[in-house]
Amino acid sequence: RLDDAFAVHYNMEQHDTTGQKHLDPSDITINLCLSARQVKGSMVQFHGMEALESCSNEEPNNNANNIGVTFLVRQTSGFATLHWGHHPHATTALEHG
């Protein structure tokens, strides 16, 4: 069931095309690039790593070891990035598109 949704639209005419580091008020978040144009920049920058919950008997990952770890995910038109809403993330500046 979808309880809430919103869209953020960035274009080159805007002064600020970044999204500051934040958490989403959701269980999961889907980032989807809907631009028909070639986009450069506007990547999702994740802070730390969040383990997927496992159905096995393995011990859960300890997130204390990934303090300071960041990684970027490129947003490609027609593809989605799915992540936990509580995973800290930001959006880099749109450079073209």
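Everything below is about the structure printed above this text.
These figures come from a predicted structure and were not determined experimentally.

*Asks:* Would you mind showing me how to read the packing of aromatic side chains here?
*Replies:* Here the distance between the centres and the angle between the planes together describe a pair of aromatic rings. Taken as a whole, this structure holds 1 aromatic pair when the rule is applied. Plain terms: the ring middles of Phe 46 and Phe 71 are 5.3 Å apart, the flat faces sit at 25° to each other, and that makes the pair stacked. In this pair, Phe 46 sits in strand S4 (residues 44–47) while Phe 71 sits in strand S5 (residues 70–73), placing the two residues 25 residues apart along the sequence. Relative accessible area serves as the criterion here: at 3%, Phe 46 is assigned to the buried category. Here Phe 71 falls in the partly exposed class, since its relative accessible area comes to 32%.

*Asks:* Would you explain the side chain of Thr 81 in this entry?
*Replies:* Examined against the element boundaries, Thr 81 turns out to sit in strand S6 (residues 80–84). Excluding residues within four positions of it along the chain, Thr 81 makes contact with Thr 29, Ile 30, Asn 31, Phe 46, Val 73 and Gln 75.

*Asks:* Explanation requested: the environment of Tyr 10 in the structure shown.
*Replies:* Relative to the helices and strands, Tyr 10 resides in the segment before strand S1 (19–22). The class of Tyr 10 is partly exposed, set by a relative accessible area of 24%.

*Asks:* Explain the sheet that holds S1 to me, please; I cannot follow it from the model alone.
*Replies:* Read across the sheet, 4 strands follow the order S1-S7-S4-S5 without closing on themselves; strand pairing throughout is antiparallel. Looking at strand neighbours, the two that pair on one side only are S1 and S5, the edges of this open sheet. For this sheet, the mean angle separating the axes of adjacent strands, direction not counted, is 15°. Of the strand pairs in this sheet, S1 and strand S7 (residues 89–91) are connected by 2 bridges, and their pairing is antiparallel. Bridging from a neighbouring strand, His 22 pairs with His 89 of S7.

*Asks:* I would appreciate a short explanation of a nonpolar patch on the surface in the present structure.
*Replies:* Residues Ile 28, Ile 30, Leu 32, Leu 34 and Leu 82 make up a contiguous nonpolar surface patch of about 560 Å² in total accessible area. At 3 residues, the largest contribution of residues to the nonpolar patch is made by strand S2 (residues 28–32).

*Asks:* Looking at this model, I keep getting lost on the pairing of S4. Mind explaining?
*Replies:* Consecutive side chains of a regular strand alternate in pointing toward one face of the sheet and then the other. Residues Val 44 and Phe 46 line the buried face of S4, whereas the alternating positions Gln 45 and His 47 sit on a face that is not buried. Here S4 pairs with S5 via 4 bridges, running antiparallel. Bridging across to S5, His 47 finds its partner in Thr 70. Taken together, the 3 bridges between S4 and S7 define a ladder with antiparallel strand orientation. Within S7, the residue paired with Phe 46 across the bridge is His 89.

What counts, and at which threshold
Residues numbered from 1 in each chain as written. Predicted model: local features only at pLDDT ≥ 70, side-chain atom pairs only at ≥ 80, totals over all residues. Heavy atoms only, no water. Phe/Tyr/Trp six-rings, centres within 6.5 Å; stacked < 30°, edge-to-face > 60°. Helix = DSSP H or I, 4+ residues; strand = E, 2+ residues; numbered from the N terminus. Buried < 20%, exposed > 50% of the residue type's maximum accessible area, 1.4 Å probe, protein only. Contact = heavy atoms within 4.5 Å. Pairing = 2+ DSSP bridges. Axes fitted to C-alpha atoms, helices over the stretch in contact; angles between N-to-C directions. Patch = residues over 30% accessible without salt bridge, like charges linked within 9 Å, V, L, I, M, F, W, Y side chains within 5 Å. Areas by Shrake-Rupley, 256 points an atom, 1.4 Å probe, with all protein chains shown as cover. Salt bridge = Lys/Arg side-chain N within 4 Å of Asp/Glu carboxyl O.

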